[in-house]
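What follows is each chain in one-letter form.
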Amino acid sequence: MFTQTELNIIEQAVEIIESKAKKTSAISSPDLANKLCITKLAHLEHEVFAALFLDSQHRLIEFKKMFTGTVDSASVYPREVVKAALKVNAAAVIFTHNHPSGVAEPSMADQHITKRLVNALELIDVKVLDHIVVGVEGCVSFAQRGLL
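Below you will find a few notes about this structure.

Scoring rules and cut-offs
Residues numbered from 1 in each chain as written. Predicted model: local features only at pLDDT ≥ 70, side-chain atom pairs only at ≥ 80, totals over all residues. Heavy atoms only, no water. Core = buried A, V, L, I, M, F, W, Y, C linked by side-chain atoms within 4.5 Å. Buried < 20%, exposed > 50% of the residue type's maximum accessible area, 1.4 Å probe, protein only. Helix = DSSP H or I, 4+ residues; strand = E, 2+ residues; numbered from the N terminus. Salt bridge = Lys/Arg side-chain N within 4 Å of Asp/Glu carboxyl O. Contact = heavy atoms within 4.5 Å. Pairing = 2+ DSSP bridges. Axes fitted to C-alpha atoms, helices over the stretch in contact; angles between N-to-C directions.

## Here's the deal with the nonpolar core
Judged by nonpolar contacts, the single largest core of 19 residues is most densely connected at Phe 53, Met 66, Val 93, Phe 95 and Leu 121. Looking at this core, the elements that each hand over two or more residues are strand E1 (48-54), strand E2 (60-68), helix H3 (78-87), strand E3 (92-98) and helix H4 (108-122). Membership of the second largest hydrophobic core comes to 18 residues, among which are Ile 17, Leu 54, Leu 60 and Val 134.

## Let's talk about the pattern of salt bridges
Scanning the entire structure with this criterion turns up four salt bridges. Of the charged contacts, one joins Asp 31 and Lys 35 as a salt bridge, the two residues approaching to 3.4 Å between their closest N and O atoms. Highlighted residues: Asp 31 and Lys 35, both in helix H2 (residues 30-41), separated by four residues, approximately one helical turn. Its salt-bridge partner being Arg 59, residue Asp 55 comes within 2.7 Å of it at the nearest N-O pair. The exposure class of Asp 55 is buried, given its relative accessible area of 16%.

## Side note on the environment of Val 134
Tracing the sequence through the fold places Val 134 in strand E4 (residues 127-135). Once residues lying within four places of it in the same chain are set aside, the contact partners of Val 134 are Cys 37, Ile 38, Leu 41, Ala 42, Thr 96, His 97, Asn 98, His 99, Ala 104 and Cys 139.

## Describing unusual backbone geometry
Here the phi dihedral of His 58 falls at roughly 65°; this positive angle occurs in a residue that is not glycine. With respect to the helices, strands and loops of the structure, His 58 is situated in the loop between E1 and E2. Although it is not a glycine, Asn 89 adopts a positive phi angle of roughly 60°. Examined against the element boundaries, Asn 89 turns out to sit in the loop between H3 and E3. Taking relative accessible area as the criterion, Asn 89 reaches 64% and is therefore assigned exposed.

## What about the sheet that holds strand E5 (residues 138-141)?
Taken together, the five strands give an open sheet; going across it, the order is E2-E1-E3-E4-E5, and neighbouring strands pair in mixed fashion. Edge positions in the open sheet fall to E2 and E5, since each of these has one partner strand only. In this sheet, neighbouring strand axes are inclined to one another by 20° on average, regardless of whether the strands run parallel or antiparallel. The pairing of E3 with E4 spans seven bridges and is parallel. The residue of E4 that forms the bridge with Thr 96 is Ile 132. Packing against the sheet, H3 makes contact with E1, E2 and E3, and its axis sits at approximately 160° to E2. Packed onto the sheet, H4 meets E1, E3 and E4 and runs at close to 155° relative to E4.

What follows is the structure in structure tokens.
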């Protein structure tokens, strides 16, 4: 789908956006979170589920690719997400994953796993701020859609 030159440019964009996200006082703008998620995931040909782990001021601690799947799904394990959140001492998290089909519309499976993750993280006082589904032409925010 992308040439090697284009992939190199995308990787450079990811590094720039991620460094700005870490330097900013907080990811208070859905636009910044969306840009980071799009540049990290939109170009991938397989589904990847990732998490933006945030501190108590919603500053980015780490963007972590958690699970890799196939062209239309990825298995997500709440236990592993809880372990990763505890490891970096996260206070909040934004989930994201891509739809290689290019259509960012959340599926029922996406909504179900998000609910499971919210419930699991609630037990350790980690707040789920959003789940962003990335497609080639943009993204869909669970928070903006009222799905959280």
